[in-house]
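Here are the chains, one letter per residue:
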Amino acid sequence: MNTRLLRYARFQVPDFLLQRLALPLVLLTFAAGLPTYLMTKNTTPGFMQSPQGILLAKQMFAQAITLYLPLGAFVGAVGVISADRQQGYFRFLFSKPVNVLAYYAQTYLLHAMVFVAVFGLIVWGFSSYTIHFSVHRSMEAAALTFVLIGGLGLLLGALTRYDGAGLIAFYVLALILQQLVAAPNGLKNGGLPGWLVVIAKGLPPVMKLDVLRNHLYAGEALDVAQLWHVLGYGSGAALLGFVLLRRLPLAR
């Protein structure tokens, strides 16, 4: 069974790259790759090491390169289970004695590893043309992103076929409410009613994820409590998704 399961990996990785990550990479090419090439081609040697060049590279990294993380994590998280259910692929995939839980666990881990590795290559390529950005720190930021978004996407995929819409709704709602709670307007919890503050705290910690990623990019120490909150929330969602996957029928 293990040998048969591993054989699926040679299809899962190319499918993820070509059918899912291709669009974020194309968008990133136009948003960052082409401007970076033109910038380095049309400037004088040594410009990127000047204060203006360093500032420009950091701005481009923050505004364009990091867009890969939410986009890539989203396409890697949604449809892992629900697409097979909707299109009936699960009948073919599991016509042989392949463990359902093991198959989707392998898919989840492969998506995570490829997602993180590709971001490492992106940062390495961008650094080679501009200024130094830590590749391993950037890969850690990508891993944190996938743990949270990928775990939540896996849970929603085990529950419903509308995991894409659900993931967007949870992410946007969490971002809005948590920004309001943290807003420095002189009002406790942003002036939100208590019940809405409780909901904000129970939603995925997307604000804490952003803070952790910014610290990683800057090479700064991480807040341990925030780190465990993000890791615990994402890992807990993934584990719950696997439990539901084991208990709920795929054909529904």
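The notes below deal with the structure included here.

Here's the deal with the overall build of the protein chain
Within the protein chain, the secondary structure is distributed over 13 helices and 0 strands. For the protein chain, the sequential pattern of α-helices and β-strands runs α-α-α-α-α-α-α-α-α-α-α-α-α. Each of the 252 residues in the protein chain was classed as buried or not, and the buried ones make up 43%. Intrachain contacts of the protein chain at a sequence separation of at least 6 include 78% that bridge at least 24 residues. With the model as given, the accessible surface of the protein chain reaches about 13,500 Å², and the carbon-plus-sulfur share is 68%.

What about a nonpolar patch on the surface?
Together, Val-26, Phe-30, Leu-34, Tyr-37 and Leu-38 give the surface a local cluster of nonpolar side chains, amounting to about 500 Å² of exposed area. On the secondary structure map, Tyr-37 appears in helix α3 (residues 22-41).

Considerations on the packing of helix α2 (residues 9-20) against helix α8 (residues 100-129)
One can describe the packing of α2 onto α8 by two numbers: an axis separation of 10 Å at closest approach and a directional angle of 50 degrees. Here α2 is positioned oblique relative to α8, judged by the angle of their axes. Of the two possible hands of crossing, α2 and α8 adopt the one that is right-handed. Between α2 and α8, the contacting residues are Ala-9, Gln-12, Val-13, Phe-16, Leu-17 and Arg-20 on the first element and Tyr-103, Gln-106, Thr-107, Leu-110, His-111, Val-114, Phe-115 and Val-118 on the second. Residues belonging to the contact of α2 with α8 are distributed by class as follows: 9 nonpolar, 4 polar and 1 charged.

A closer look at the pattern of salt bridges
If you walk through the whole model with that rule in mind, you get 1 salt bridge. The partner of Arg-213 in a salt bridge is Asp-210, with the nearest N and O atoms 2.5 Å apart. Residue Arg-213 and its partner Asp-210 are located together in helix α12 (residues 206-218), separated by 3 residues, close to a single helical turn. Under the relative-accessibility criterion, Asp-210 is labelled partly exposed at 22%.

Description of the side chain of Arg-213
By relative accessible area, Arg-213 is classed as buried at 9%. Within the structure, Arg-213 has its side chain in polar contact with the side chain of Thr-145 (distance 2.8 Å). Among the polar contacts made by the side chain of Arg-213, one reaches the side chain of Asp-210 at a distance of 2.5 Å. Residue contacts for Arg-213: discarding those within four places in its chain leaves Leu-69, Ala-141, Thr-145 and Tyr-171.

Comments concerning the packing of aromatic side chains
On inspection of all chains with the given rule, the structure shows 10 aromatic pairs. Centroid distance Tyr-108 to Phe-146: 5.5 Å. Interplanar angle 45 degrees. Geometry classified as tilted. Placement of the pair is Tyr-108 in helix α8 and Phe-146 in helix α9 (residues 135-159), with a sequence separation of 38 residues. For Phe-146, a relative accessible area of 2% gives the class buried. Where Phe-126 meets Phe-133, the ring centres are 5.6 Å apart and the plane angle is 40 degrees; that geometry is what we call tilted. With respect to class, Phe-126 is no different from Phe-133; both count as buried. Ring pairs connect the aromatic residues Tyr-68, Tyr-108, Phe-115, Phe-119, Phe-146 and Phe-242, which therefore count as one cluster.

How each quantity is defined
- Residues numbered from 1 in each chain as written.
- Predicted model: local features only at pLDDT ≥ 70, side-chain atom pairs only at ≥ 80, totals over all residues.
- Heavy atoms only, no water.
- Helix = DSSP H or I, 4+ residues; strand = E, 2+ residues; numbered from the N terminus.
- Buried < 20%, exposed > 50% of the residue type's maximum accessible area, 1.4 Å probe, protein only.
- Contact = heavy atoms within 4.5 Å.
- Areas by Shrake-Rupley, 256 points an atom, 1.4 Å probe, with all protein chains shown as cover.
- Patch = residues over 30% accessible without salt bridge, like charges linked within 9 Å, V, L, I, M, F, W, Y side chains within 5 Å.
- Salt bridge = Lys/Arg side-chain N within 4 Å of Asp/Glu carboxyl O.
- Axes fitted to C-alpha atoms, helices over the stretch in contact; angles between N-to-C directions.
- Parallel < 35°, antiparallel > 145°, perpendicular 65-115°, else oblique.
- Left-handed = near helix turned anticlockwise from the far one by under 90°.
- Nonpolar A, V, L, I, M, F, W, Y, C, P; charged D, E, K, R; others polar.
- Polar contact = N/O pair within 3.5 Å; in protein donor to acceptor, adjacent residues only side chain to side chain.
- Phe/Tyr/Trp six-rings, centres within 6.5 Å; stacked < 30°, edge-to-face > 60°.

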